[in-house]
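Each chain is listed here by its residues.
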Amino acid sequence: MTVRSVVVGVDHKNPELARRAASLVQSLGGSLIELVCVWVDEAAVSDSRGFTVSVDPDIAVSSDAYGADVLAGLNRAMADVGLPWCARRGAGDPAAELGRVADEVGAAMIVVGAHRSGLRGWTTNLVSGTVAGRLIHNQSRPVVVLPETTSAP
């Protein structure tokens, strides 16, 4: 039997998204699935050797700290999930990078969270559209958008 992959877009604000994606996959009967958790640093580029480097040397240290924060959150969220998973760092446009990784691993689907709330989310949506929206229009595989979780009143 072959193991299929599901690419999950994650960031430091919502490491639980990977856990929710795992729950979705398991509820659909996907026991032979590996979650490939991808966080994309929009302020970085990949060089010809595949290394991700910040385009602004002044933020290189904070970018590394951000990556460590994402990985720590994923480790906590995925501790007892019961599915194999790995984490990858990408650079540049999140939609393009998630699509590239999905192509690379032959992903069955891509899972992302709903767009960011607040002013930053609104301006991102206004200028370039949401990551989910761009993926939906440019992918040949299913794209699943998980809504933000809200606390009960």
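Computed from a prediction, not measured in an experiment: that's the story for all the values here.

Caption draft 1: Representation of the overall build of the chain within the structure. Along its length, the chain carries five helices and seven strands. The linear arrangement of helices and strands in the chain, starting from the amino end, is β-α-β-β-β-α-β-α-β-α-α-β. With 153 residues in all, the chain has 34% of them scored as buried. Here the analysis covers contacts within the chain between residues at least 6 apart in sequence; of these, 78% occur between residues at least 24 apart.

Caption draft 2: Looking closely at the pattern of salt bridges. All told, the structure shown has seven salt bridges when counted by the stated rule. The partner of Glu104 in a salt bridge is Arg88, and the shortest N-O contact between them spans 2.4 Å. Pair noted here: Glu104 is in helix 3 (residues 94-105) and Arg88 is in strand 5 (residues 85-91), with a separation of 16 residues, a long-range link. For Arg88, a relative accessible area of 29% gives the class partly exposed. Note that Arg134 is salt-bridged to Asp93, the shortest N-O span being 2.5 Å. Taken as a pair, Arg134 in helix 5 (residues 131-138) and Asp93 in the loop between strand 5 and helix 3 lie far apart in primary sequence, 41 residues in all. With a relative accessible area of 35%, Asp93 lands in the partly exposed category. Members of the salt-bridge network, linked through shared partners, are Arg88, Glu97, Arg100 and Glu104.

Caption draft 3: Spatial organisation of the side chain of Glu97. As for its position among the elements, Glu97 is in helix 3. Setting aside anything within four residues of it in sequence, one finds Glu97 in contact with Val40, Gly90 and Ala91.

Caption draft 4: Here's a closer look at the packing of helix 3 against helix 5. With their axes 9 Å apart at the nearest point, helix 3 and helix 5 run at an angle of 45° to one another. Classed by the angle they form, the pair helix 3 and helix 5 counts as oblique. In the packing of helix 3 onto helix 5, the handedness of the crossing is right-handed. Listed contacts from helix 5 to Pro94, Ala95, Leu98 and Gly99 of helix 3 are Val131, Arg134 and Leu135. For the contact of helix 3 with helix 5, a count of residues per class yields five nonpolar, one polar and one charged.

Caption draft 5: Layout of the nonpolar core. With 20 residues, the main nonpolar core has Val6, Val8, Val10, Leu35 and Val111 as its most contacted residues. Elements supplying a minimum of two residues to this core: strand 1 (4-9), helix 1 (16-27), strand 2 (33-41), helix 2 (60-77) and strand 6 (109-113). Top element by residues in this core is helix 1. It accounts for five residues. Of all hydrophobic cores here, the second largest spans 14 residues; its members include Val40, Ala102, Ile110 and Ala132.

Caption draft 6: Structural detail: the confidence of the model for the chain. For the chain, per-residue confidence averages 77 on the pLDDT scale, and 69% of positions sit at 70 or higher. Considering each helix and strand of the chain separately, the mean pLDDT is smallest for helix 4 (residues 118-128), with a value of 52, and largest for helix 3, with 93.

Conventions used here
- Residues numbered from 1 in each chain as written.
- Predicted model: local features only at pLDDT ≥ 70, side-chain atom pairs only at ≥ 80, totals over all residues.
- Heavy atoms only, no water.
- Helix = DSSP H or I, 4+ residues; strand = E, 2+ residues; numbered from the N terminus.
- Buried < 20%, exposed > 50% of the residue type's maximum accessible area, 1.4 Å probe, protein only.
- Contact = heavy atoms within 4.5 Å.
- Salt bridge = Lys/Arg side-chain N within 4 Å of Asp/Glu carboxyl O.
- Axes fitted to C-alpha atoms, helices over the stretch in contact; angles between N-to-C directions.
- Parallel < 35°, antiparallel > 145°, perpendicular 65-115°, else oblique.
- Left-handed = near helix turned anticlockwise from the far one by under 90°.
- Nonpolar A, V, L, I, M, F, W, Y, C, P; charged D, E, K, R; others polar.
- Core = buried A, V, L, I, M, F, W, Y, C linked by side-chain atoms within 4.5 Å.
- pLDDT = per-residue confidence, 0-100.

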